[in-house]
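Structure at a glance
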Amino acid sequence: MTLDEGTDWLCSAPIQVKMLDDAMCEIVLEGYAEDPHQEDFHAAIAAFLSSGPDVLKAAQAHIFQYYRDVSGRQSASDEGFVAIDTPADVWRHIQFGDEPMVERGDPDERDVYISITCNCDWEREHGLQIVLRNGDTVCKIGPFDGHVTNADAFDDDSLKQLIYHSLS
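Residues numbered from 1 in each chain as written. Predicted model: local features only at pLDDT ≥ 70, side-chain atom pairs only at ≥ 80, totals over all residues. Heavy atoms only, no water.

Under an unreviewed UniProt entry, the name given to the chain is DUF6985 domain-containing protein, and the source organism is Massilia genomosp. 1.

In this structure's numbering, the residues bearing the UniProt feature "domain: DUF6985" (unreviewed entry) are residues 5–147. The distance separating the terminal C-alpha atoms of residues 5–147 is 23 Å; by composition the span is 20% helix and 28% strand. (UniProt positions renumbered as here; feature names shortened; annotations may be inferred. Helix = DSSP H or I, 4+ residues; strand = E, 2+ residues; numbered from the N terminus.)

By secondary structure assignment, the location of Ser115 is in strand E8 (residues 112–120). Assessed through its relative accessible area of 7%, Ser115 is described here as buried. A polar contact of 2.9 Å, which involves the side chain of Ser115, links it to the side chain of Gln129. Other than its neighbours up to four places away in sequence, Ser115 contacts Glu99, Pro100, Met101, Gln129, Ile130 and Val131. (Buried < 20%, exposed > 50% of the residue type's maximum accessible area, 1.4 Å probe, protein only. Polar contact = N/O pair within 3.5 Å; in protein donor to acceptor, adjacent residues only side chain to side chain. Contact = heavy atoms within 4.5 Å.)

This next bit is on helix H1 (residues 38–50). With 13 residues, H1 ought to run about 18 Å at 1.5 Å a step, and its terminal C-alpha atoms sit 19 Å apart, in line with that. Every buried residue belonging to H1 is among Asp40, Phe41, Ala44, Ile45, Ala47 and Phe48, and all of these are buried. Burial along H1 is one-sided: seen end-on, the buried residues are contained in an arc of 160°. On its buried face, H1 is in contact with strand E3 (15–17), strand E5 (28–30), strand E7 (101–104), E8 and strand E9 (128–133). (Expected span 1.5 Å × (residues − 1). Arc of directions from axis to C-beta.)

All told, the structure shown has six aromatic pairs when counted by the stated rule. Measuring from ring centre to ring centre gives 5.8 Å for Tyr67 and Trp122, while their planes differ by 85°; the resulting arrangement is edge-to-face. Residue Tyr67 is found in helix H3 (residues 60–71), and its partner Trp122 is found in the loop between E8 and E9; the two are separated by 55 residues along the sequence. Comparing Tyr67 with Trp122 shows no difference in burial state: the two are buried. By way of ring pairs, the aromatic residues Phe64, Tyr66, Tyr67, Trp122 and Tyr164 are connected into one cluster. (Phe/Tyr/Trp six-rings, centres within 6.5 Å; stacked < 30°, edge-to-face > 60°.)

Here is the structure:
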């Protein structure tokens, strides 16, 4: 790992990530150096690197709902409109980011989150954020907002287990 002086983040050398279709990624750690339970980061990264695409595919219905919410505000005649017929088809319209961000959510909890920022054809401005709790369970889907849970994003603890919060 090397330290990025501008951000104080630790960055790995490029490593192949099976979950992201074997893409080469630099794993980025935020808050690791001062964290009292660094082993939680190690466990989350190990789970992330050992898991396959099936972890993400389990959340494709949520991603498809995000697509439907965005496309529902557009007309099929709009420039840039993307027609996706089924949840399984969303993957053809997603480009995974190559710098998964690893961070602890709330300092009082033991969960570590890995956030993948993606481009997606249906929402070019806000993209797609896929967040994994402890490296192996999708816990948040939606436009990139930098939050690791919907509870954080909407300041509502009742949304802690909600994977996708509808835009409507």
